Amino acid sequence: MDNKNVILAVFLSTLILLVWATYFEDPKIKEKRFEGEKNKQTQVTKPETAGGTSVPKIDAPKIITRVDALKDGERVVIENNNLLGSIVLRGALIDDITIKNYRETIDQKSKQITYLNPKKINEGYFVETGWAAKGNVKVPDNNSVWQLREGKKLTPNAPITLEWNNREGLIFLKKIEVDDKFLFKITDTVRSDRSGNIELFPYSQITRNSKPTIEGFYISHEGLIGVVNKNLKEESYDTIQKEKKAFSGNNGWLGITDKYWMTSIIPEQGKSFNAEFLFKDGFKVNYILLDSLQLGGQKIISSTSKIFIGAKEVHVIDSYSEKEKIERFDLAIDWGWFYFITKPLFFLIDYFFKLVGNFGVAIILLTVVVRIVIYPLADYSFKSMAKMKVLQPEMLRIKELYKNDVKKTQTEMMALYKREKVNPLSGCIPIILQIPIFFAVYKMLFVTIEMRHAPFFGWIKDLSAADPTSIFNLFGLIPWSPPTFLIIGVWPILMGVTMYIQQKLSPAPPDPIQAKIFAFFPLMLTILLASFPAGLVVYWTVSNVLTMLQQWIILKRTKVKTV
Amino acid sequence: MLKKISWFFCSIIYCIIKFYKFFLSPWFQPSCRFDPTCSEYFQDALKEYGFLKGTYKGVIRLLRCHPIKWLGGSFGYDPIISKRKRHG
């Protein structure tokens, strides 16, 4: 066979692994450490170097801290059970949001997630709603100072109303409401005291001054996102920096998403809009309604938009999708190609979690369920494999008999199977089905916020992160922290060992070279999976053990029968 | 031109099957109900019929490879019969 190719393939994949570990993983971790230190010192802005473009000039010098930026100008406090923040009256921007119930690290004393930031700092990230006018009409902009008319502090039961007078006969009102989770509702109203026809178009916009640190892993989208007329649009920061994207439709939502958090603007569903993803003084996501509202004489017009700012909790996202009728808002969570498998799997795990209170145990229960579901098929195949072993001498005889005629051998084999009624193997379909289930578990662990910082027993404090222990410092006995690619924890090793035993119980591949390479697989996968979410490794290990158990029982049973 | 495109897609699928056969398939119990196996059949089909018809034939064969009879499950000797004379 093409043994050269095989050796080449193995060599190349090992090379890729090593290169990936040294050039991508290590710098990423160093960068994170560096950033952590920087945050400790002061929140001084960092120079933007991505893509060689220079920092867009924004009116104020950006070397101020977040705290200082928040002191600049009057603010109205926002608070509910999940969010804490404020709205700045200059511009009426939501530019200060902290997600209260999540922390930066697994340490319960670490900082809560600061999500939106004032525009004057480099990490500026804020949302606005407003009006665009046709002709020469003064409308409020980012520097208009609004007055607080109603309310004091924005809470779920107490909306606030802001007012701005253009001194030319138009009064702009902005009523802001918030629910107990992550949804804001903004009603913009304009009252006219002057004659003449005015046309106004409602818009919303999210601005993010700079590209955040992203995991940059192909498996979950981080960047600009939206659904326009049922079509999911996902664009990376780098693409948008190069070129603008425009869409139009009459249903959907738009936003900027991180792995676990998102800001999204939602137009009134059913009204046609034009939307844009662009880079101009920061990354912008906006929409503008196409049908203008006419204002003439003594008239009042108003427009409502919704804004989501917060954590992408599965149940919350789904409830907004249904109750608020936001089209395909569930796609805010990157379930991927296997949506139809991943999501039900998540609900199953979530159900187990509610029963037992630990996601690790829930994953083990899932493994058991998956095993039970495919048991009938596996049982079938194991049984016939055991029977095949009994037929081994006969098969060898056939092979010997038709040594020089491959075709004849195969036909004779089939005839033998038919005679002995052993063939009914489970077939290729069940096997091909198992691959997506595994991938779905991986995706779920990686993508859903529920798995973030979810502890298991002992040293696993976060199922969505890699096992932190390492064999190279004897699991913490030696005071030395090895480089990333040498962090091979207890669970990956358990996985490797169980896989090795399982392999010994299965028939070896026919090709000798393949068999040799195959023998290295448990080791290779141990190394590879060491950097994967611990939950996945737990899933795999338990799955191995269950397969072995099943195989052992079946083998034993068939032996008893035949002897 | 059309031939080149067909050849291009054929080789992509061919590589995927090769990868599966070598790296993934040995993890599972031998379970194909046919002779030649579905992956061999798929490769032969690509060689014989090109991208479109070959993929179609291969997928149909995969869909038949299970024990549930009323859903089209089947087994046995079922090769691609080559019209051309091939070596190796």
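No experiment lies behind these values; they were computed from the predicted model shown.

**What to know about the overall build of chain A**
Right, so step 1: Looking only at helices and strands, chain A has eleven helices and 19 strands in total.
Right, so step 2: The 563 residues of chain A split such that 48% are buried.
Right, so step 3: Here the contacts in chain A between residues at least 6 apart in sequence split such that 62% fall between residues at least 24 apart.

**So, the overall build of chain B**
Right, so step 1: What chain B contains, in helices and strands, is three helices and two strands.
Right, so step 2: When the helices and strands of chain B are placed in sequence order, the string is α-β-α-α-β.
Right, so step 3: Considering chain B as a whole, with its 88 residues, one finds that 39% of them fall into the buried category.
Right, so step 4: Total accessible area on chain B stands at roughly 5,700 Å², and carbon and sulfur atoms take up 70% of it.

**Points about the sheet that holds strand 15 (residues 261-266) of chain A**
All names here are of chain A.
Right, so step 1: The nine strands are arranged 6-7-8-9-19-15-14-11-12 in an open sheet whose pairing can be described as antiparallel. Strands with a single pairing partner mark the edges of an open sheet, and in this sheet they are strand 6 (147-150) and strand 12 (231-235). Averaged over all pairs of adjacent strands, the angle between strand axes in this sheet comes to 20°, irrespective of strand direction.

**Remarks on helix 4 (residues 314-323) of chain A**
All names here are of chain A.
Right, so step 1: Residues of helix 4 that are buried include every one of Val314, Val316, Ile317, Asp318, Tyr320 and Ser321, and no others.
Right, so step 2: Elements in contact with the buried residues of helix 4: strand 9 (183-192), strand 19 (300-311) and helix 5 (339-356).
Right, so step 3: Once helix 4 finishes, lysine 325 follows within two positions and takes phi at roughly 50°, a positive value.

**Let's talk about the confidence of the model for chain A**
Right, so step 1: In the predicted model, chain A carries a mean pLDDT of 81, and 78% of its residues have values of at least 70.
Right, so step 2: For residues 32-58 of chain A, every residue scores under 50 in pLDDT, and the model assigns this stretch 27 contacts once sequence neighbours within four places are set aside.

**Considerations on the nonpolar core**
Residues and elements named next belong to chain A.
Right, so step 1: Counting residues in each nonpolar core, the largest one holds 114 residues, and the members touching the most others are Ile94 and Phe184.
Right, so step 2: Counting contributing residues per domain, this core is built from domain 1 (50-334) and domain 2 (353-465 + 533-562), each supplying no fewer than three.
Right, so step 3: In contact with isoleucine 94, not counting residues within four places along its chain, are Ile78, Ser86, Ile87, Leu116, Tyr125, Phe126, Val127, Phe184, Ile186, Ile307 and Ile309.
Right, so step 4: If you look at the next biggest cluster of nonpolar residues, it comprises six residues, including Ile398, Met413, Leu416 and Tyr417.

**A closer look at the side chain of A:Thr367**
All names here are of chain A.
Right, so step 1: Residue position: threonine 367 is located in helix 6 (residues 359-401).
Right, so step 2: Residue threonine 367 is classed as buried on the basis of its relative accessible area of 1%.
Right, so step 3: Among the polar contacts listed, one links the side chain of threonine 367 to the backbone oxygen of isoleucine 363, at a separation of 2.7 Å.

**A look at unusual backbone geometry**
For residues besides glycine, phi is generally negative; the peptide bonds are generally trans as well.
Residues and elements named next belong to chain A.
Right, so step 1: Phi angles above zero are rare outside glycine, and asparagine 229 is one such case at about 45°.
Right, so step 2: Tracing the backbone shows asparagine 229 in the loop between strand 11 (223-228) and strand 12.
Right, so step 3: Assessed through its relative accessible area of 33%, asparagine 229 is described here as partly exposed.
Right, so step 4: Despite not being glycine, aspartate 281 shows a phi value in the positive range, around 55°.
Right, so step 5: Inspection of the secondary structure assignment puts aspartate 281 in the loop between strand 16 (273-279) and strand 17 (283-289).
Right, so step 6: Among the residues examined, aspartate 281 registers a relative accessible area of 35% and is labelled partly exposed.

**Comments concerning empty space enclosed by the protein**
Residue and element names in this part refer to chain A.
Right, so step 1: As enumerated under the stated definition, the model contains three cavities of 30 Å³ or more in all.
Right, so step 2: When its volume is computed, the largest cavity comes out at roughly 80 Å³.
Right, so step 3: Mapped onto the lining of the largest cavity, the elements with two or more residues apiece are strand 5 (125-133), strand 10 (197-208), strand 17 and strand 19.
Right, so step 4: Partitioned by chemical class, the residues of the lining of the largest cavity number six nonpolar, five polar and two charged.
Right, so step 5: Looking at the second largest cavity, the residues that line it are Ser220, His221, Lys259, Lys312, Ile333, Asp334, Val447, Thr448 and Ile449.

Conventions used here
- Residues numbered from 1 in each chain as written.
- Chains lettered and ligands numbered in written order.
- Predicted model: local features only at pLDDT ≥ 70, side-chain atom pairs only at ≥ 80, totals over all residues.
- Heavy atoms only, no water.
- Helix = DSSP H or I, 4+ residues; strand = E, 2+ residues; numbered from the N terminus.
- Buried < 20%, exposed > 50% of the residue type's maximum accessible area, 1.4 Å probe, protein only.
- Contact = heavy atoms within 4.5 Å.
- Areas by Shrake-Rupley, 256 points an atom, 1.4 Å probe, with all protein chains shown as cover.
- Pairing = 2+ DSSP bridges.
- Axes fitted to C-alpha atoms, helices over the stretch in contact; angles between N-to-C directions.
- pLDDT = per-residue confidence, 0-100.
- Core = buried A, V, L, I, M, F, W, Y, C linked by side-chain atoms within 4.5 Å.
- Domains from an automatic or database assignment.
- Polar contact = N/O pair within 3.5 Å; in protein donor to acceptor, adjacent residues only side chain to side chain.
- 1 Å grid on protein atoms, 1.4 Å probe; cavity = no way out; pocket = protein on both sides within 12 Å on 5 of 7 lines; lining within 4 Å.
- Points joined across faces, edges and corners; volume = space filled by probe spheres on them.
- Nonpolar A, V, L, I, M, F, W, Y, C, P; charged D, E, K, R; others polar.

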